[in-house]
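Take a look at the letters that make up each chain.
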Amino acid sequence: MAWNFAAGPARLPDAVLAQAAAEIFRRGADGACALERPFSGPDFRALLARARQRLAELLALPANYRILFLAGGAMQQFSILPLNLCRPQQRAAYVNRGYWSARAMAEASRQADTIEFFPPADGVWALPADCAYCHITPNETVDGSACASLPETGAVPLAADCTSSFLTAPLAVDKFGFIYASAQKNIAPAGLTVAIIRDDLLERSPADLPAPFSYRRQAEANSCVNTPPMFAIQMAALVFDWIAEQGGLTAMAAAGRRKAARVYGAIDGSGEVFVAPVAVDQRSPVNIRFHLADSALTETFISEAAAAGLHHLRGHAHFGGLRASLYNAMPEAGAQALAGFITDFARRRG
Ligand SMILES: *Cc1c(COP(=O)(O)O)cnc(C)c1O
């Protein structure tokens, strides 16, 4: 058995891959498979409606939010978000929690005035009232940290890059004005970003924005201003169905806690051969950052792990070391195999 712990593009559920082969790539009586029919036709329209409906059910989406299926990755939204939500003279607040927060702010700074915030030690947020929105990255994929609590932003809408935590746990959508997640971590193959926007914010999109980038025009056009990423959307629909069959987001969160507890438990119980550097109350349940106390053993660990069927454990270049991503599609057996290998390696090499 081989397990893929990549941070993204990440593992997709086995059942979804099998279903995709049977449904998405099969030719119908018209000689076309699902990927070859017009995006404006009845088949794809029905698929979009089904995907949107299923996602709304998973999230218990309040009625005043719209789901958009947008082309491209999360980084496109780093620039498109300020273009849509910042009125002239407004600033945007960015909470710096790590690698992706900082990149989001760097890109946004080219489009609007931004202010940087760090989570306050006393938990009291002092956001200027003239902010168009406050941006946060609740799960930092590279740092391996998850935020314990959201900023209190009052009337300032909260905008969140949920790329690596989307659909891994129930989400209080009503706390946010805008949520986005690129697909390749937890939703579908790359090429798609799912965005959720509160209705009142749609009015902010300036009339002169290029149409594919305008949240308002995309909402009006049912996410079909131009050809949407049809394959990724069809895969997303299958993944949404799969999550619902597994018991929804509560079940995803419970399984996620069990998987994370196994792997962190093996690291913490390794007699300090392995170190998980993130403070316990901020550890991400999905992206586990760790390293060997003796960094000279890193390459040995990576090659022995691969020989044991445990792949893509090298850490992001920003921090080095090791990282294991345990998204929804990673079965508990995968986390168990990794935890067992970590314990065994510590015993042999410690
Ligand atoms: C992976 C990731 C990104 C980058 O996503 P792209 O789709 O490659 O642009 C941005 N933010 C977070 C939190 C991520 O995990």
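Look up: the structure comes first, before these words.
None of these values were measured; they are calculated from a predicted model.

## Details of the site of the ligand
And step 1. As a matter of local geometry, the ligand sits amid 13 residues, with M75, T141, D161, S182 and K185 nearest to it.
And step 2. Between the ligand and M75, the relevant distance is 2.8 Å, taken from an oxygen atom to a main-chain nitrogen or oxygen of the residue.
And step 3. In isolation the ligand has 390 Å² of accessible area, and contact with the protein removes 87% of it.
And step 4. The greatest single-element share of the shell around the ligand, amounting to three residues, is contributed by helix α3 (residues 74–85).
And step 5. Grouping the constituent residues of the shell around the ligand by class yields four nonpolar, seven polar and two charged.

## A closer look at the packing of helix α7 (residues 248–268) against helix α9 (residues 332–349)
And step 1. Where α7 contacts α9, the axes come no closer than 8 Å and their chain directions differ by 5 degrees. Classified by the angle their axes make, α7 and α9 are roughly parallel. Taking contact as the criterion, the partners of A255, R258, K259, R262, V263, A266 and I267 in α7 are, on α9, E332, A335, Q336, L338, A339, I342 and T343.
And step 2. Split by residue class, the contact of α7 with α9 holds eight nonpolar, two polar and four charged.

## Concerning the environment of Q218
And step 1. With respect to the helices and strands, Q218 occurs in helix α5 (residues 215–220).
And step 2. On the accessibility criterion, Q218 (4% relative accessible area) is buried.
And step 3. Sequence-distant contacts of Q218, that is, excluding residues within four places in its chain, are made with L68, L70, A211, P212, S223, C224, V225 and N226.
And step 4. Engagement of the side chain of Q218 in a polar contact is seen with the backbone oxygen of P212, the distance being 3.0 Å.

## Thoughts on the sheet that holds strand β10 (residues 192–198)
And step 1. Pairing is mixed in the open sheet, where seven strands are placed in the order β2-β10-β9-β8-β5-β3-β4. At either margin of the open sheet sits one strand with a lone partner, and together these are β2 (65–71) and β4 (113–117). For this sheet the average axis-to-axis angle between neighbouring strands, irrespective of direction, equals 20 degrees.
And step 2. Together, β2 and β10 form the strand contacts of helix α2 (residues 42–59), whose direction differs from that of β2 by roughly 125 degrees.

## Quick word on empty space enclosed by the protein
And step 1. Evaluation of the coordinates by the stated rule reveals two cavities of 30 Å³ or more.
And step 2. Approximately 70 Å³ is the volume found for the largest cavity.
And step 3. R11, L12, K185, N186 and I187 are, among the 14 residues lining the largest cavity, the residues nearest its centre.
And step 4. Here the residues of the lining of the largest cavity are counted per class, giving nine nonpolar, three polar and two charged.
And step 5. N4, A6, A10, R11, S325, Y327, A329 and M330 are the residues that line the second largest cavity.
And step 6. Class assignment for the residues of the lining of the second largest cavity results in five nonpolar, two polar and one charged.

Definitions and cut-offs
- Residues numbered from 1 in each chain as written.
- Predicted model: local features only at pLDDT ≥ 70, side-chain atom pairs only at ≥ 80, totals over all residues.
- Heavy atoms only, no water.
- Near = heavy atom within 4 Å.
- Polar contact = N/O pair within 3.5 Å; in protein donor to acceptor, adjacent residues only side chain to side chain.
- Areas by Shrake-Rupley, 256 points an atom, 1.4 Å probe, with all protein chains shown as cover.
- Helix = DSSP H or I, 4+ residues; strand = E, 2+ residues; numbered from the N terminus.
- Nonpolar A, V, L, I, M, F, W, Y, C, P; charged D, E, K, R; others polar.
- Axes fitted to C-alpha atoms, helices over the stretch in contact; angles between N-to-C directions.
- Parallel < 35°, antiparallel > 145°, perpendicular 65-115°, else oblique.
- Contact = heavy atoms within 4.5 Å.
- Buried < 20%, exposed > 50% of the residue type's maximum accessible area, 1.4 Å probe, protein only.
- Pairing = 2+ DSSP bridges.
- 1 Å grid on protein atoms, 1.4 Å probe; cavity = no way out; pocket = protein on both sides within 12 Å on 5 of 7 lines; lining within 4 Å.
- Points joined across faces, edges and corners; volume = space filled by probe spheres on them.

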